[in-house]
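Residue strings, one per chain:
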Amino acid sequence: MKRRDFCATAALATGLGFAAQAQAETKWDFATAYPAINFHSRNNEQFVQDVAAATHGALKIQPHFGASLFKMPEIKRAVQTGNAQMGEFFLVSFQNEAQIFGVDGLPFLVKDYDEAFKLYQAQKPYLEAALDKAGQVLLYSVAWPPQNIYSSRPINSGADLKGLKWRVYSPTTARIGELVGAQPVTIQEAELSQALATGVIEGLITSSATGADNKLYEHLKYFYEVQAWIPKNAVTVNKKAFGALPKAEQDALRAAAAAAEKRGWESSREVNTRSIETLKKGGMQVQPPSAQLKADLVKVGEVVTREWVEKAGADGKALLDAFNKSK
Ligand code: PCA
């Protein structure tokens, strides 16, 4: 922050409990993995501005978009070790660390955003506990739009996925690929366009938003609205960094986080509608799955869900029970 801005900020910080702290400016790095145009990124940007305004510039958070500071799989650990004070990461990618991270990646468990939000409420206590163990505090969690299949060739059944170079982003998507006989390849979102351009992958399951952000219609022609699951990002803060903040700043951070969560879920729905239009305009054939494809995916979904339940133990069972009760 420039000296001049600092004086102006300090002068503004009156009466709200920030006057005394206006001298002590905290600067945090916020590692994220998605492009600046993505709706999660825009939401994070607004969050950062809200925090700056609410703390009169005492807490300055610098977002780093597009995996420019850490790659997505490294972000959780970076927050844990304090190499970045804040981070955003894709929960289902971390399922091997704690099964409950992967519950929102289970096929056909939720049918829409309302159920996805209920699943989040059931998951939240376990999520907070698992993150606490990993030295971080959950600030907010926002859903991606529903996950749909993109492919270079028509897919009318599970058998049509056989041999397809299949981009995966989680243990469950890898297992699905294996079960249908595809060739699973782990690729991060930041590397999607390149992987498609070089033929490393020929199909994937992701949201309309990620398809539009990365202009997937330039490489892939077929889009099947299977709406298989509605996974989430989590935004977390290093526990020690959070604990070191004055109480007023902690409260400001929490309030801005609550607003970001609400705004994020709303924009996820809007972005879904808008992105599907973008895909169509780009020349993609957007269609519902055939009955055969749907049936085959449901079957595969049952296998991966059963395997998840076995691994997730008592916590997993309690989580699913809580969700089913809330439905
Ligand atoms: N986009 C991200 C995560 C889920 C989504 O819709 C991705 O494909 O990596």
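Rules used throughout
Residues numbered from 1 in each chain as written. Predicted model: local features only at pLDDT ≥ 70, side-chain atom pairs only at ≥ 80, totals over all residues. Heavy atoms only, no water. Pairing = 2+ DSSP bridges. Helix = DSSP H or I, 4+ residues; strand = E, 2+ residues; numbered from the N terminus. Axes fitted to C-alpha atoms, helices over the stretch in contact; angles between N-to-C directions. pLDDT = per-residue confidence, 0-100. Contact = heavy atoms within 4.5 Å. Core = buried A, V, L, I, M, F, W, Y, C linked by side-chain atoms within 4.5 Å. Buried < 20%, exposed > 50% of the residue type's maximum accessible area, 1.4 Å probe, protein only. Salt bridge = Lys/Arg side-chain N within 4 Å of Asp/Glu carboxyl O.

### Quick word on the sheet that holds strand β5 (residues 147-151)
Pairing between the strands of a sheet is mediated by backbone hydrogen bonds and can be parallel or antiparallel.
And step 1. Pairing in this open sheet of six strands is mixed, and the strands run β7-β6-β8-β5-β9-β11 from one edge to the other. At either end of the open sheet lies a strand with only one pairing partner, and these are β7 (183-186) and β11 (285-287). For this sheet, the mean angle separating the axes of adjacent strands, direction not counted, is 30°.
And step 2. Sheet topology places strand β9 (residues 222-224) next to β11; three bridges connect them, and they run parallel. Its bridge partner lying in β11, Tyr222 is registered against Gln285.

### Details of the confidence of the model for the protein
And step 1. Per-chain confidence: the protein averages 94 in pLDDT, with 93% of residues scoring 70 or above.
And step 2. Across residues 1-15 the pLDDT falls below 50, and counting only partners more than four positions away or on other chains, this stretch makes 17 contacts in the model.

### So, the nonpolar core
And step 1. By size, the foremost hydrophobic cluster in this structure holds 82 residues, and its most contacted members are Phe47, Ile61 and Leu253.
And step 2. With nine residues, the top contributor of residues to this core is helix α10 (residues 291-326).
And step 3. One finds Ala195, Leu196, Leu204 and Leu279 within the second-largest nonpolar core, a separate group that totals 12 residues.

### Things to note about the pattern of salt bridges
And step 1. Throughout the structure, instances matching the rule amount to 13 salt bridges.
And step 2. The salt bridge partner of Lys76 is Glu97, with a shortest N-O separation of 2.3 Å. In this pair, Lys76 is assigned in helix α3 (residues 72-81) and Glu97 in the loop between β3 (86-90) and α4 (113-133), connecting sequence segments 21 residues apart.
And step 3. Here Asp251 and Lys247 are joined by a salt bridge, their closest N and O atoms 2.8 Å apart. You can see Asp251 and its partner Lys247 sitting in helix α9 (residues 247-281), four residues apart, about one turn around the helix.
And step 4. The class for Lys247 is exposed, based on a relative accessible area of 55%.
And step 5. Counted as one network, the salt bridges with shared partners bring together Arg175, Glu178 and Glu307.

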